[in-house]
Amino acid sequence: MGSYTPRMRFLLSRTDALGDLVVSLTVMERILQREPAAEVHWLVRDYSAPLLAGQAGVAGVHLREPGQDLADLIRRLAPQACLNLGHRDWEVTVAAQRAGVPIRVARTRKLPQILAATHRLWRGRYGSGRHEAQNLLDFLSPWGWQGGPIPLPRLQSSPMDLGPGPILGVVLRGSGAGAFPSDAWWTRALTVLRDAGWLPRVLAPPEASELPAGDLTTLMARLAGCQVVLGPSTGPLHIAAALGRPVLCLMGRRPNHAPDRWAPLGPRVQVLQYPGPEADLAGGLDRLDPR
């Protein structure tokens with residue numbers, strides 16, 4: 001009889017924004033490339049959990065909740081490795097240590113996390129010219145899996161019928177620090193797009209959309225039903241790219257939020273930056289000609 005080798009079980013923690021979670025899917029893709037039988041579990045917030053529901057490769061989704069006994073949750077899951085990809089939530093690494101997780105990988109943020117980690121990432125992220133997905137693959141350095149081409153994040157959703165096309169899904173702005181055009185610019189741009197034969201559908205933010213309110217699963221279905229998705233670099237654009245939709249992403253020029261670091265990942269993504277040296281948050285993107 002052959003010897004039994006137990007499957008590796010990973011816990012990937014990503015408890016911040018939607019776009020960050022989508023980019024982090026590259027880590028799961030790389031793990032499954034190298035260890036197809038591995039179990040990949042995720043620790044996320046309740047608002048982002050629907051993104052992972054039923055997705056290929058996801059063995060389990062666990063919620064990060066206020067006041068929970070996080071060490072007990074991790075102890076019951078019993079992973080061999082905990083990768084704290086959302087490193088600002090430093091308590092995850094400390095809880096993993098208390099739970100006895102053998103491999104705990106974290107960035108050097110907050111002394112308790114630094115002391116609790118078995119592997120620490122010291123490499124700088126800002127001004128490096130590396131995409132955030134490559135920075136995240138560094139968390140796999142204990143196994144030597146961090147190099148090579150970035151695997152693309154993949155999501156699946158049944159497309160929603162948004163009416164006769166061609167449907168142009170529009171995301172006006174995001175909640176993060178990325179630049180976005182003003183409402184006045186969007187008013188001009190949507191008129192130009194309608195005149196060109198497109199049917200624009202504002203999908204986000206919800207308060208700016210004419211569509212009925214829906215949850216994250218609804219947003220994914222709407223994005224999947226668009227012929228093209230247009231907007232700044234924010235969560236829905238990253239989701240659309242991971243769904244395989246053509247994406248035109250409007251981005252600024254600040255190094256921390258430029259395309260080389262934060263552009264959505266996908267073969268059908270194009271990026272458009274504003275001309276000139278104006279600051280992102282001082283109307284730079286309004287200099288784009290909607291025509």
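Given the structure is predicted, the values throughout are model-derived calculations rather than measurements.

Conventions adopted
Residues numbered from 1 in each chain as written. Predicted model: local features only at pLDDT ≥ 70, side-chain atom pairs only at ≥ 80, totals over all residues. Heavy atoms only, no water. Pairing = 2+ DSSP bridges. Helix = DSSP H or I, 4+ residues; strand = E, 2+ residues; numbered from the N terminus. Axes fitted to C-alpha atoms, helices over the stretch in contact; angles between N-to-C directions. Contact = heavy atoms within 4.5 Å. Phe/Tyr/Trp six-rings, centres within 6.5 Å; stacked < 30°, edge-to-face > 60°. 1 Å grid on protein atoms, 1.4 Å probe; cavity = no way out; pocket = protein on both sides within 12 Å on 5 of 7 lines; lining within 4 Å. Points joined across faces, edges and corners; volume = space filled by probe spheres on them. Nonpolar A, V, L, I, M, F, W, Y, C, P; charged D, E, K, R; others polar. pLDDT = per-residue confidence, 0-100. Core = buried A, V, L, I, M, F, W, Y, C linked by side-chain atoms within 4.5 Å. Buried < 20%, exposed > 50% of the residue type's maximum accessible area, 1.4 Å probe, protein only. Parallel < 35°, antiparallel > 145°, perpendicular 65-115°, else oblique. Left-handed = near helix turned anticlockwise from the far one by under 90°.

1. Some remarks on the sheet that holds strand β4 (residues 81–84)
Taken together, six strands build an open sheet; the order of strands is β3-β2-β1-β4-β5-β6 and the sheet is parallel. Strands with a single pairing partner mark the edges of an open sheet, and in this sheet they are β3 (60–63) and β6 (119–121). Direction aside, the axes of adjacent strands within the sheet are offset by 20° on average. In terms of strand pairing, β4 meets strand β5 (residues 103–107) through three bridges, oriented parallel. Paired with L83 across the bridge in β5 is V105. Most of the contacts of helix α1 (residues 18–34) go to strand β2 (residues 39–44), to which it runs at about 160°, and overall it touches β1 (9–13), β2 and β4.

2. A short note on the packing of aromatic side chains
Summed over the entire model, instances satisfying the criterion amount to four aromatic pairs. Pairwise contacts between aromatic rings join F10, W143 and W145 into one cluster.

3. What to know about the sheet that holds strand β8 (residues 199–204)
What the five strands build is an open sheet, ordered β8-β7-β9-β10-β11; its pairing is parallel. Across the chains shown, the open sheet's two edge strands, defined by having one partner strand only, are β8 and β11 (269–273). Across the sheet, the axes of successive neighbouring strands diverge by a mean angle of 20°, strand direction being ignored. Inspection of the sheet shows strand β7 (residues 167–171) paired to strand β9 (residues 228–232) by three bridges, in the parallel sense. Residue pairing across strands places V170 opposite L230, the latter belonging to β9. Most of the contacts of helix α8 (residues 235–242) go to β9, to which it runs at about 150°, and overall it touches β7, β8, β9, β10 (247–251) and β11.

4. What about empty space enclosed by the protein?
All chains considered together, the criterion is met by one cavity of 30 Å³ or more. Taken as a whole, the largest cavity spans an internal volume of roughly 30 Å³. Together, L25, M28, E29, L52, Q55, A56, R154 and L155 line the largest cavity. Across the lining of the largest cavity, the residue classes tally to five nonpolar, one polar and two charged.

5. Focus: the confidence of the model for the protein chain
Averaged over all residues, the pLDDT of the protein chain equals 91, while 92% of them reach at least 70. Scored below 50 in pLDDT, residues 1–5 shows zero contacts in the model against residues more than four places distant or in partner chains.

6. A closer look at the nonpolar core
Counting residues in hydrophobic clusters, the biggest one holds 57 residues, and the most contacted among them are L12, W42 and L83. For L12, the contacting residues outside a window of four places in its chain are V27, M28, I31, V40, H41, W42, L43, L83 and L85. Ranked by size, the runner-up nonpolar core spans 16 residues in total, among them V170, A179, L193 and Y274.

7. Quick look at the packing of α1 against α8
Where α1 contacts α8, the axes come no closer than 7 Å and their chain directions differ by 30°. It follows from the interaxial angle that α1 and α8 lie roughly parallel. Viewed along their axes, α1 and α8 form a crossing whose handedness is left-handed. Touching L18, G19, V22 and V23 of α1 are G235, H238, I239 and A242, all from α8. The class makeup of the residues in the contact of α1 with α8 is five nonpolar, three polar and no charged.

8. Things to note about the packing of helix α2 (residues 70–77) against helix α3 (residues 91–98)
At a minimum axis separation of 8 Å, α2 and α3 run at an interaxial angle of 55°. The orientation of α2 with respect to α3, classified from their angle, is oblique. At the point where α2 passes α3, the crossing takes the right-handed sense. Along the contact surface, α2 presents L70, A71, I74 and R75, while α3 presents E91, V92, A95, A96 and R98. Here the residues of the contact of α2 with α3 are counted per class, giving six nonpolar, no polar and three charged.

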